[in-house]
Amino acid sequence: MNHIIGAQTAAASPAVKWLLVDEESAGQRLDNFLMRHLKGVPKTHVYRIIRSGEVRINKGRASAETRVETGDEVRLPPVRISEKVAEKAARPAPGREFPVLLEDDSLMAIDKPAGVAVHGGSGVSFGVIEQLRQARPQAKLLELVHRLDRDTSGILLVAKKRSALKNLQDQFRERETGKTYLALVKGEWPAKLKVIDQPLHKFLLPDGERRVKVTTPEDPDGMRSITLVKVSQRLAGATLLEVTIKTGRTHQIRVHLASNGHPIAGDDKYGDFEWNKVLPKQGLKRMFLHAWRLQFNHPATAERVALQADLPPELKAYVDHAQLKTPSV
């Protein structure tokens, strides 16, 4: 049996639905606006109903790139979704709050734990953003400003206004933010290696999983990627690094550090797999990568904001119990 978006019950006849665009949705692309309201409907189908003219703005046809404005009336045709998708929609993500580092009318900054995806997809039914929305049903808008890998902990920004989302994403794109991570790598990081400027190439494995590799400047698919590295502490057989990224490429830190011969502890994609087997016996049961500091201009006041999320207990305990080496002069 199929279910119909916009119908009173599954058995009701298909019905057209009209949506009134509110202030928070103003300026959003039509395709993104529809995906928020057509939960569980495949993207390909969303684009199909836009192209066919079944979706209308103020009774006129529109393209996927059209920006909706406050007061616009958007016509949604009846959309059928599968039983499986309908069941998933009926079982929403469990509501969950996360440690808050900063919150006001424009945004919130949370300290994301490791092991939690930032959003659902790729085999994960829900993530941070779905859980936050469920925990705060009164919130008009909650949107991720940027992403963190599932196994990375630390500072994650969530916008509470459309204007704040655009402003902050522009800052990330224009490299106006400051992002510093703490990473524990294998071996003794060379003190002279402070800047990694190597292009990265993104590709898919046969099973569809994303991977990234260092490539040459001549590679047309290579993206210039810059990572700054500072030694924080030298431990026995490992080095704790402060890593600042000037570009925000997928898996940038993990690939840059590994390609220079010093993989991150516990990294299951680019790490030293033999070392990774030993680490849990020494008390480290996750990847040692933490989004530690973040600086940005506040979207409402333009004041510079500096946030810090201290190392989570499991990472701090590992560093504290590791045998410290005498710092090199």
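In what follows, the structure referred to is the one given above.
The following refers to the structure shown.

### Describing the overall build of the chain
Part 1: Scanning the chain from N- to C-terminus turns up 8 helices and 18 strands.
Part 2: Expressed as a percentage of the 329 residues in the chain, the buried residues total 43%.
Part 3: Accessible area of the chain: about 17600 Å², with a carbon and sulfur share of 50%.

### So, unusual backbone geometry
Part 1: With phi around 50 degrees, Asn58 is a residue other than glycine that occupies positive phi space.
Part 2: Taking relative accessible area as the criterion, Asn58 reaches 44% and is therefore assigned partly exposed.
Part 3: One non-glycine residue, Arg175, adopts positive backbone phi at about 60 degrees.
Part 4: The topology assignment puts Arg175 in the loop between helix H5 (162-173) and strand E11 (178-186).

### Looking at the packing of helix H1 (residues 30-37) against helix H2 (residues 43-51)
Part 1: Their axes nearest at 10 Å, the elements H1 and H2 cross at an angle of 125 degrees. When the axis of H1 is compared with that of H2, the two are oblique. The two elements H1 and H2 meet at a crossing, and its hand is right-handed. Contacts between H1 and H2 pair Leu30, Asp31, Leu34 and Met35 from the former with Lys43, Val46, Tyr47 and Ile50 from the latter.

### Brief notes about the pattern of salt bridges
Part 1: Under the defined criterion, the tally for this structure stands at 18 salt bridges.
Part 2: Residue Arg136 is joined to Glu103 by a salt bridge in which the shortest nitrogen-to-oxygen separation is 2.5 Å. Separated by 33 residues along the polypeptide, Arg136 in the loop between helix H4 (128-135) and strand E9 (143-144) and Glu103 in strand E7 (residues 100-103) bring together distant segments of the chain.
Part 3: Relative accessible area serves as the criterion here: at 14%, Arg136 is assigned to the buried category.
Part 4: Since its relative accessible area comes to 33%, Glu103 is described here as partly exposed.

### So, a positive patch on the surface
Part 1: On the surface, Lys43, Arg147, Lys202 and Arg210 cluster together into a patch of positive charge.
Part 2: In this fold, Lys202 is placed in strand E13 (residues 200-204).

### Comments concerning the packing of aromatic side chains
Part 1: Under the defined criterion, the tally for this structure stands at 0 aromatic pairs.
Part 2: One residue, Arg211, lies across the ring of Tyr270, its end atom 6.0 Å from the ring centre.
Part 3: Between the NZ or CZ atom of Arg293 and the centre of the ring of Trp292, over which it lies, the distance is 3.9 Å.

### Let's talk about the sheet that holds strand E4 (residues 60-61)
Part 1: Across the sheet, which stays open at both edges, the 4 strands sit in the order E2-E5-E3-E4 with antiparallel pairing between neighbours. Only two strands of the sheet have a single partner each, and these edge strands are strand E2 (17-20) and E4.
Part 2: Looking at chain direction, strand E3 (residues 56-57) and strand E5 (residues 73-76) are connected through 2 bridges and run antiparallel. By the bridge assignment for E5, Ile57 is matched with Val74.

Conventions we followed
- Residues numbered from 1 in each chain as written.
- Predicted model: local features only at pLDDT ≥ 70, side-chain atom pairs only at ≥ 80, totals over all residues.
- Heavy atoms only, no water.
- Helix = DSSP H or I, 4+ residues; strand = E, 2+ residues; numbered from the N terminus.
- Buried < 20%, exposed > 50% of the residue type's maximum accessible area, 1.4 Å probe, protein only.
- Areas by Shrake-Rupley, 256 points an atom, 1.4 Å probe, with all protein chains shown as cover.
- Axes fitted to C-alpha atoms, helices over the stretch in contact; angles between N-to-C directions.
- Parallel < 35°, antiparallel > 145°, perpendicular 65-115°, else oblique.
- Left-handed = near helix turned anticlockwise from the far one by under 90°.
- Contact = heavy atoms within 4.5 Å.
- Salt bridge = Lys/Arg side-chain N within 4 Å of Asp/Glu carboxyl O.
- Patch = residues over 30% accessible without salt bridge, like charges linked within 9 Å, V, L, I, M, F, W, Y side chains within 5 Å.
- Lys, Arg positive; Asp, Glu negative; His and termini not counted.
- Charge placed at Lys NZ, Arg CZ, Asp CG, Glu CD.
- Phe/Tyr/Trp six-rings, centres within 6.5 Å; stacked < 30°, edge-to-face > 60°.
- Lys NZ or Arg CZ within 6 Å of the ring centre and 35° of its normal.
- Pairing = 2+ DSSP bridges.

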